[in-house]
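# Notes for the structure review
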Amino acid sequence: MNNPIIGKWALITGATSGFGKAIADLYAKNGCNIIITGRRAEKLEAAEHVLREKYNVNVLSYCFDVRDLTMCIEMANDLAQREIVPDILVNNAGLASGKDKIYEGLIGDWEKMIDTNIKGLLYITRSILPAMVERNEGHVINIGSTAGHTVYPDGNVYNATKFAVRALNEAINLDLVGTNIRCCSIDPGAAETEFSIVRFGGDEEKAKKVYQGYQPLLAENIADIAYYVATTPPHVNITNLVVYPTAQRNVYVWDKKA
Ligand code: NDP
Ligand code: 8X3
């Protein structure tokens, strides 16, 4: 095995399902030590066990909500005590909650999305990035969305959070000029994960319909991209990578068979 992430440490938030889980798996498969986070303890423990057994890499897991600043700082402090500075930070934890007209949307849904997708990403970045800057080495990969490029009906607050992620990704890049640290946002279109099940409050039938009549992206496709981004030579900084399923050309133009 010979690749640039072998023996490095990658911190991936939201690795109990979907993109985060697939990225952790592919990075570990390529010899990278892994730090995973998420709120669902059982899934996190299972993922930790599988990664360690399957790939024989070091794995740490931290079960917490990224909306909790104290827990983000505690994780960073624990890593510092272990003398671990993540080489790669994948800011992936996020969600959509609801899909409603803005005059009917639930305030609780809005707060969940804003607090997780924007503030959670900021809390984690603020907790981890200083050590990377001090070492003058690292790679931040933010998971944005095509929802951060074009607003769609009833997407309102979710769109706004992903526009914010795009702005923050750009801001992080600018503020890191003069360092060796790179920063990229990967912005996917429709991908079949637990995303829509979460968005529709556990309604699996409704979620399934989002992906009917075409081949959506899969979590593994995003993992391949996250691996590619992380393994480019140090002088190459991919700052934004947009990916749609072939059947979806933008938010409005689709080739759906059913
Ligand atoms: P999943 O629902 O499958 O995964 C989301 C992950 O985020 C889970 O591991 C979940 O873990 C974690 N998470 C959510 N909220 C929190 C929180 N408050 N604290 C800690 N962890 C949290 O969806 P995806 O894999 O699809 O989503 C990953 C990212 O990709 C999100 O940022 C999403 O917005 C983005 N995205 C998704 C697309 C899609 O079509 N699927 C397209 C474009 C972007 P747990 O529940 O255990 O806490
Ligand atoms: C998820 C993709 O198009 O459902 O970010 O908003 S979309």
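Predicted model, so just to flag it, every value in this text is computed and none were measured. (Residues numbered from 1 in each chain as written. Chains lettered and ligands numbered in written order. Predicted model: local features only at pLDDT ≥ 70, side-chain atom pairs only at ≥ 80, totals over all residues. Heavy atoms only, no water.)

### Considerations on the sheet that holds strand S5 (residues 139–143)
Consider a sheet: its strands pair through backbone hydrogen bonds, and that pairing is either parallel or antiparallel. Note the following rule: We treat two strands as partners when DSSP finds at least two bridges between them. Helix numbers and strand numbers start at the N terminus; a helix is a DSSP run of H or I with at least 4 residues, a strand a run of E with at least 2. In this analysis an axis means a line fitted to C-alpha atoms, helices contributing only their contacting stretch, and an angle means the value between N-to-C directions, from 0 to 180 degrees. It only takes one pair of heavy atoms within 4.5 Å for two residues to be counted as in contact.
The parallel open sheet is built from seven strands, whose spatial order is S3-S2-S1-S4-S5-S6-S9. One side of each edge strand has no neighbouring strand; the edge strands of this open sheet are strand S3 (59–63) and strand S9 (240–243). Shown here is a sheet whose adjacent strand axes are inclined to one another by a mean of 15°, direction ignored. Pairing geometry for strand S4 (residues 88–91) and S5, over four bridges, is parallel. Opposite Asn 91, over in S5, you have Asn 142 as the bridge partner. Packing of helix H2 (residues 41–55) onto the sheet brings it into contact with strand S2 (33–38) and S3, and relative to S3 it is tilted by some 175°. Its contacts with the sheet place helix H3 (residues 69–81) against strand S1 (9–12), S2 and S3, and it is angled at close to 155° to S3.

### Observations regarding the site of ligand 2
We apply this condition: Here a residue counts as near a molecule or strand whenever at least one of its heavy atoms sits within 4 Å of it. Throughout this description, a polar contact denotes any pair of N or O atoms lying within 3.5 Å of each other; where both atoms belong to protein, one of them has to be capable of donating a hydrogen while the other can accept it, and for residues adjacent in sequence the pair is counted only when both atoms sit in side chains. Surface exposure here means Shrake-Rupley accessible area, sampled with a 1.4 Å probe, where a residue is shielded only by the protein chains that are shown. Ten residue types, Ala, Val, Leu, Ile, Met, Phe, Trp, Tyr, Cys and Pro, are classed as nonpolar, four, Asp, Glu, Lys and Arg, as charged, and the remainder, Gly among them, as polar.
Lining the immediate surroundings of ligand 2 are Ser 145, Ala 147, Tyr 152, Tyr 158, Phe 195 and Arg 199. Tyr 152 places a side-chain nitrogen or oxygen 2.6 Å from an oxygen atom of ligand 2. For ligand 2, the accessible surface in isolation is 240 Å², of which the surrounding protein chains cover 81%. Among the residues making up the shell around ligand 2, the classes are represented as four nonpolar, one polar and one charged.

### Section: the side chain of Asn 3
Applied cut-off: Only protein chains enter the area calculation, which uses a 1.4 Å probe; residues under 20% of their type maximum are buried, those over 50% are exposed, and those in between are partly exposed.
The topology assignment puts Asn 3 in the segment before S1. Of the residues examined, Asn 3 reaches a relative accessible area of 10% and is grouped as buried. Only 3.1 Å separates the side chain of Asn 3 from the backbone nitrogen of Ile 6, close enough to count as a polar contact. Side-chain polar atoms of Asn 3 contact the backbone oxygen of Asn 30, separated by 3.1 Å. With residues up to four places along the chain from it excluded, the contact list for Asn 3 reads Asn 30 and Tyr 227.

### Structural notes on the side chain of Gln 248
With respect to the helices, strands and loops of the structure, Gln 248 is situated in the segment after S9. Here the side chain of Gln 248 touches Ala 190 through a polar contact of 3.1 Å, landing on its backbone nitrogen. At a separation of 3.4 Å, a polar atom in the side chain of Gln 248 contacts the main-chain carbonyl oxygen of Asn 250. Excluding its chain neighbours within four sequence positions, the residues that come into contact with Gln 248 are Gly 189, Ala 190, Val 253 and Trp 254.

### Thoughts on the packing of aromatic side chains
Rules: Here a pair means two rings of Phe, Tyr or Trp (six-membered ring of Trp) with centres within 6.5 Å. Their orientation is stacked below 30 degrees between planes, edge-to-face above 60, and tilted elsewhere. Only Lys NZ and Arg CZ are tested; either one counts as a charge over a ring when it is within 6 Å of the ring centre and within 35 degrees of the ring normal.
If you walk through the whole model with that rule in mind, you get two aromatic pairs. Residues Tyr 158 and Phe 195 carry aromatic rings whose centres are separated by 5.5 Å and whose planes lie at 55° to one another, so their mutual orientation is tilted. Placement of the pair is Tyr 158 in helix H5 (residues 156–175) and Phe 195 in helix H6 (residues 195–199), with a sequence separation of 37 residues. Here Phe 195 falls in the partly exposed class, since its relative accessible area comes to 25%. Between the aromatic rings of Tyr 214 and Trp 254, the centroid separation amounts to 5.1 Å while the plane-to-plane angle is 70°, which identifies the pairing as edge-to-face. With a gap of 40 residues between them, Tyr 214 in the loop between helix H7 (204–209) and strand S8 (217–218) and Trp 254 in the segment after S9 connect regions that are remote in the sequence. Overall, the relative accessible area of 10% leaves Tyr 214 in the buried class. Above the ring of Phe 163, the side-chain terminus of Arg 166 is found at 5.6 Å from the ring centroid. Above the plane of the ring of Trp 254 lies Lys 256, whose end atom (NZ or CZ) is 4.4 Å from the centre.

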